[in-house]
Amino acid sequence: MAGTRRSDGGRQRTSRQRGASPPAGSRADAAQTVEIGGRRIRITHPDKVLYPSTGTTKGEIIGYYSAIAETMLPHCRDRPATRKRWPDGVGADGRGDVFFQKDLGDTAPEWVRTGRIQHKDHVNAYPLVNDEATLVWLAQLAALEIHVPQWRFDATGEPQPPDRLVFDLDPGEGVSLQQCARIAFLVREVLRGMGLDPVPVTSGSSGIHLYAALDGSQSSDAASAVARELARSLEADHPDEITSSMKRSLRPGRVFIDWSQNNAAKTTVAPYSLRGRIAPTVAAPRSWRELASPHLRQLEFREVLARVARRGDSLAELVARGSDAAPDRLDAYRAKRDARRTPEPVPARGRSRSGSRGGGAARVADDDTEGDRGDAPVFVIQRHEARRLHFDFRLEHDGVLISWALPKGVPTDPGVNHLAVPTEDHPMAYRHFEGVIPAGEYGAGEVRIWDSGRYVLEKWREDEVVVALEGGPGGGLGGTRRYALFRTGREDGAPWMIHLMSEETPHRRPRRGRASAAGDPAAAGPDVPAPMLAEAGAAAALPRLDPSDWAFEMKWDGIRALARIDGEHCALRSRSGGDLTAAYPELAALPRIVNAEDAVLDGEIVSLGGDGAPSFSRLQQRFGLTAPRDVARARRAAPASYLIFDVLRINGRDCRGLPYRQRHELLTALIDADPGVPAALPEVFAGSGAEAAEASRSLGLEGVVAKRWESPYRSGERTADWRKFPSIATAEFAVIGWRESPSDARGIASLLLAEPAELAVPAHAPDRAGGPDRMADGAGGASPAWRYAGRVGTGFSAAERRAIRARLAPLECARPVAAVPSEARRDAHWVRPELVAEVVAKGRTAGGSLRQPVWRGWRPDKRPGDLDA
């Protein structure tokens with residue numbers, strides 16, 4: 001690990017080849033001291049073999065954790081870590097001596113961040129794996145496995161609500177990893193119905209973990225209760241394949257869905273952690289496409305390193321989606337500081353909020369309450385005597401201080417540019433900070449304000465910032481100075497420079513690029529036509545459609561949008577005519593791929609999930625946003641693409657009267673794909689309707705749209721020439737009861753549903769209550785007008801569960817209006833059937849109950865009496 005490089009304005013960090021190899025200069029049984037991020041770590045016995053079956057040494061393990069640190073740390077940061085240690089290795093059979101360590105230990109370096117948890121009779125200090133140095137220190141202790149909970153500490157050391165949900169799918173005896181993957185797809189279907197988009201992780205042991213981001217509004221108990229209800233629901237639908245019981249005797253031949261790891265006191269092996277198995281396997285994030293492969297297997301650490309280098313982190317968007325709707329800009333800042341050890345301001349997570357500053361006039365809400373800063377954004381330049389003297393250059397933007405470190409100081413000669421190293425965003429309160437950061441802390445040394453004041457923004461792009469700083473009286477700038485910060489290359493990692501602009505350089509207003517012009521309502525030109533709509537088709541009709549008469553396309557899970565191309569400008573219109581242009585600025589580049597000066601296109605705006613399929617839940621992050629800052633923030637979390645499937649006009653020619661076959665040929669010639677433009681022309685499916693439906697299901701898409709080849713485009717009409725065949729259909733039911741929640745005294749566990757008896761789906765076999773014509777025990781008084789349809793326990797937020805219970809309270813009655821099976825009656829409260837709910841489900845069980853229903857919401861426009869309409 002010899003050699004260091006500078007970053008973040010003088011911070012020392014080890015620089016060496018990233019790979020699974022022993023530290024440079026190591027020799028057998030020799031101890032050496034390495035430095036990582038300014039932390040010194042003593043490495044002993046790097047050549048000791050910890051995995052005899054593969055000959056993997058301790059040095060290689062340290063090399064792996066150092067190489068994977070940048071990818072792994074976001075999934076561990078601020079979570080108390082417990083460790084499984086194998087000081088003498090895992091043994092030839094993978095059963096070497098191991099011990100589980102929870103407490104920090106007496107030999108931990110003083111720089112290791114810690115979090116404290118009050119147990120029944122004592123307080124434990126746990127290490128927080130927040131930096132590469134801590135990860136390497138744990139590897140030196142042969143802590144092969146690192147386990148963390150689903151929640152984090154905040155900046156004050158207080159545990160926060162969980163920011164992710166986890167399911168551990170553990171295959172029982174006789175169950176293959178491929179069978180386990182099949183169950184993972186079943187869990188995914190339910191979670192997606194709840195608006196959650198899970199990411200799979202092959203555990204490195206025998207099973208699969210599924211992670212889904214939470215918004216931080218639920219307690220660990222509530223999350224655990226939801227997970228348990230989901231597991232039990234799947235077990236009820238697949239009793240021969242799934243068990244949710246903790247009894248080991250029930251697991252052979254089944255997959256155990258362990259929901260209990262959402263408990264605040266429990267942990268799960270961290271993503272990218274090694275496993276103490278016979279081989280050095282890793283808890284490796286995967287894609288859903290990989291999970292569908294018959295060759296699915298666990299991955300070893302070298303494979304994971306190569307995979308990350310090639311594909312990046314499959315779990316990255318989980319971190320972006322967690323806790324808040326968008327990533328907190330100060331997470332990296334907090335991760336490097338302990339509020340109990342540094343005098344720097346360390347705001348709690350969620351208190352720094354993005355506003356509309358950075359050239360705008362709106363005031364930013366943040367932790368800085370020292371007077372009104374006025375309309376102009378502020379700056380501060382601080383002299384920082386850390387290990388080496390440098391200056392920190394900070395500009396207010398998006399509610400934080402965007403920061404660069406200037407190792408050679410602020411430039412004073414327009415002919416000489418200085419290096420500017422981007423560092424983590426700082427809180428607004430940091431503009432007042434002066435003081436001494438204690439030794440051993442990040443950035444240790446004296447900080448003094450060199451100059452501060454307001455600035456005029458001339459340009460702010462991802463690769464260039466131009467500002468005019470108005471220095472304060474007696475400040476180091478000596479008045480007003482203009483600076484340009486610019487990235488020296490197109491790639492994200494290219495170095496930045498800062499340039500002092502000469503007084504002769506004319507002042508320029510920000511230029512309006514294509515995105516700005518596209519957002520101008522005047523650029524929209526004449527109103528675009530209304531879109532053509534599809535009728536709902538019966539599933540049984542799809543296989544009967546002749547491919548020579550019908551085209552089959554995939555149904556995309558997004559929002560319909562018409563695009564008007566006018567020269568270099570693009571305007572987007574929703575199905576109802578609303579202007580979507582400002583909400584999706586990345587689509588301003590559409591004219592680059594259209595071989596026409598004027599065109600109107602029909603398509604779908606989607607946001608692709610981790611498996612490459614459109615994710616409607618992800619796209620919802622973009623809905624209703626118009627402020628540029630809000631749009632930019634949501635765009636980072638959920639980038640949009642435009643899938644084009646029809647053309648209405650080309651260079652003034654109305655194409656709507658042409659048959660669809662000819663319009664599609666024109667469209668193919670009209671669009672030239674460009675990797676830099678987030679748009680595509682999906683192919684018409686080559687095959688039958690039944691094959692198209694099967695392809696849609698296997699790809700996790702929304703369904704199929706069939707279009708008659710000879711049909712014209714009928715604007716604003718819903719016609720049988722276009723027919724939609726969704727994979728998942730919604731249905732409406734009366735609510736007749738609710739079950740108590742074991743985790744929330746004011747919430748519900750599930751709702752009990754019923755449908756008019758004359759509409760009920762016939763049961764193919766008697767249910768455990770004896771069928772719909774026979775009441776369950778104690779159900780006297782049930783009306784023959786209603787038939788029990790099942791219970792729905794997923795799809796609700798914690799707030800919805802409480803609101804639903806409050807809404808049902810006035811409707812309580814003594815008995816159910818339908819015959820309810822005895823197992824569904826436990827902890828049930830009955831209500832009059834006056835409210836209608838909408839759910840989505842995967843068909844019916846043999847007894848006629850809903851299979852895997854997911855809550856969609858109330859239907860206030862309908863009464864129970866309307867259900868027979």
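Residues numbered from 1 in each chain as written. Predicted model: local features only at pLDDT ≥ 70, side-chain atom pairs only at ≥ 80, totals over all residues. Heavy atoms only, no water.

(A) Representation of the overall build of the protein chain. Across its full length, the protein chain holds 14 helices and 46 strands. At a minimum sequence separation of 6, the contacts of the protein chain that also span at least 24 residues come to 66%. Summed over all atoms, the accessible surface of the protein chain reaches about 37,400 Å², with 49% contributed by carbon and sulfur. (Helix = DSSP H or I, 4+ residues; strand = E, 2+ residues; numbered from the N terminus. Contact = heavy atoms within 4.5 Å. Areas by Shrake-Rupley, 256 points an atom, 1.4 Å probe, with all protein chains shown as cover.)

(B) Molecular detail of the sheet that holds strand β14 (residues 208-213). On the basis of which strands lie adjacent, the open sheet formed by 6 strands has the order β15-β16-β12-β14-β13-β19 and mixed pairing. In this open sheet, the two edge strands, each paired with only one partner strand, are β15 (242-243) and β19 (284-285). Pairing analysis gives 6 bridges linking strand β12 (residues 164-171) to β14, with the strands arranged antiparallel. The residue bridging D168 from the neighbouring strand is H209, located in β14. (Pairing = 2+ DSSP bridges.)

(C) Expanded view of the side chain of R482. Relative to the elements of secondary structure, R482 occurs in strand β28 (residues 480-487). Of note is the side chain of R482, whose polar atom sits 2.8 Å from the side chain of E458. (Polar contact = N/O pair within 3.5 Å; in protein donor to acceptor, adjacent residues only side chain to side chain.)

(D) Local environment of the side chain of E441. Turning to its location among the elements, E441 is positioned in the loop between β25 (435-437) and β26 (445-460). Not counting chain neighbours up to four residues away, the residues in contact with E441 comprise R39, R113, D338 and R341.

(E) Here's a closer look at the sheet that holds strand β39 (residues 718-726). Taken in spatial order, the 4 strands make up an open sheet running β30-β39-β38-β31, and their pairing is mixed. The open sheet has two edge strands with one neighbour each: β30 (533-536) and β31 (550-555). On average, each strand axis in the sheet is inclined to that of its neighbour by 40°, with strand direction left out of account. Note: β31 against strand β38 (residues 703-708), 6 bridges, orientation antiparallel. Of the residues in β38, the one forming a bridge with M554 is V704. (Axes fitted to C-alpha atoms, helices over the stretch in contact; angles between N-to-C directions.)

(F) Highlighting the pattern of salt bridges. One pass over the full model with this rule turns up 45 salt bridges. A salt bridge links R482 to E458; the nearest nitrogen and oxygen atoms lie 2.8 Å apart. In this pair, R482 is assigned in strand β28 and E458 in strand β26, connecting sequence segments 24 residues apart. (Salt bridge = Lys/Arg side-chain N within 4 Å of Asp/Glu carboxyl O.)

(G) Quick peek at helix α1 (residues 58-76). The first and last C-alpha atoms of α1 sit only 22 Å apart over 19 residues, clearly below the 27 Å expected at 1.5 Å per residue. When the local axis directions of α1 are compared, the greatest deviation, roughly 70°, occurs at A69. Burial within α1 is extensive, with 17 of its 19 residues counted as buried. Positive phi shows up at D78, right after α1, with a value of about 65°. (Expected span 1.5 Å × (residues − 1). Bend = angle between axes of the 7 residues up to and from the residue. Buried < 20%, exposed > 50% of the residue type's maximum accessible area, 1.4 Å probe, protein only.)

(H) Highlighting the confidence of the model for the protein chain. With 84% of its residues at a pLDDT of 70 or more, the protein chain has an overall mean of 82. Below pLDDT 50 for its whole length, residues 351-367 participates in 48 contacts with residues either more than four positions away or in separate chains. Throughout residues 762-781 the model reports pLDDT below 50, and contacts reaching past four residues in sequence, or to other chains, amount to 34 contacts. (pLDDT = per-residue confidence, 0-100.)

(I) Expanded view of the pairing of strand β33 (residues 569-574). When you tally the buried positions in β33, you get 5 out of 6 residues, the bulk of the element. In terms of strand pairing, strand β32 (residues 559-566) meets β33 through 6 bridges, oriented antiparallel. Bridge assignment links I565 to a residue of β33, and that residue is C570. Connecting the antiparallel pair β32 and β33 is a turn made up of 2 residues, with G567 showing a positive phi of about 65°.

(J) The packing of aromatic side chains, seen in detail. All chains considered together, the criterion is met by 13 aromatic pairs. For the pair Y64 and F301, a centre-to-centre distance of 5.8 Å together with 75° between the ring planes defines the contact as edge-to-face. Here Y64, found in helix α1, pairs with F301, found in helix α6 (residues 301-311); they are 237 residues apart in sequence, far enough to count as distant. You can call F301 buried: its relative accessible area is 0%. A connected cluster of aromatic rings, assembled from ring pairs, spans F393, W404, Y483 and W496. Here R661 stacks its cationic end above the ring of W709, 4.4 Å away from the centre of that ring. (Phe/Tyr/Trp six-rings, centres within 6.5 Å; stacked < 30°, edge-to-face > 60°. Lys NZ or Arg CZ within 6 Å of the ring centre and 35° of its normal.)

(K) The environment of P200, seen in detail. By the secondary structure assignment, P200 is in strand β13 (residues 199-202). Using a relative accessible area of 1% as the deciding quantity, one classes P200 as buried. Along the sequence, P200 and V166 sit 34 residues apart, while their C-alpha atoms lie 9.8 Å from each other. In contact with P200, not counting residues within four places along its chain, are H209, L210, A284, P285, R286, S287, W288 and L291.

(L) The environment of V346, seen in detail. By the secondary structure assignment, V346 is in the loop between α8 (331-335) and β21 (378-385). What makes V346 buried here is its relative accessible area of 16%. Expressed as a C-alpha distance, the spacing of V346 and A155, which sit 191 residues apart in the sequence, is 6.7 Å. Here V346 is in contact with A155, Y333, R334, R337 and A339, once residues within four sequence places are set aside.

(M) The arrangement of the packing of α1 against α6 in detail. Where α1 meets α6, the axes come as close as 11 Å, and the angle between the chain directions of the two elements is 30°. It follows from the interaxial angle that α1 and α6 lie roughly parallel. Between α1 and α6 lies a crossing whose hand is left-handed. Residues E60, Y64, A67, I68 and T71 of α1 form the contact with α6, whose own contacting residues are F301, R302, V304, L305 and V308. Partitioning the contact of α1 with α6 into residue classes produces 7 nonpolar, 1 polar and 2 charged. (Parallel < 35°, antiparallel > 145°, perpendicular 65-115°, else oblique. Left-handed = near helix turned anticlockwise from the far one by under 90°. Nonpolar A, V, L, I, M, F, W, Y, C, P; charged D, E, K, R; others polar.)

(N) Representation of the environment of Q101 in the model. Its location among the elements puts Q101 in strand β8 (residues 99-101). Taking the C-alpha atoms as reference points, Q101 and Y126, 25 residues apart in sequence, are found 9.6 Å from one another. Setting aside residues up to four positions removed in sequence, Q101 forms contacts with T82, R83 and R85. Within the local environment of Q101, its side chain forms a polar contact with the side chain of R85, the two groups lying 2.8 Å apart. There is a polar contact of 3.3 Å between the side chain of Q101 and the backbone oxygen of D103.

(O) Structural detail: unusual backbone geometry. One non-glycine residue, D78, lies in positive phi territory at about 65°. Relative to the helices and strands, D78 is located in the loop between α1 and β7 (82-85). A relative accessible area of 18% places D78 in the buried class. If you check the backbone angles, A142 has positive phi at about 60° while not being a glycine. In this fold, A142 is placed in the loop between α2 (132-140) and β11 (143-148).

(P) Representation of the pairing of strand β42 (residues 786-792) in the model. Here β42 lies mainly inside the structure; 6 of its 7 residues are buried. Two elements, strand β41 (residues 748-756) and β42, share 6 bridges in a ladder whose sense is antiparallel. Within β42, the residue paired with L752 across the bridge is R791.

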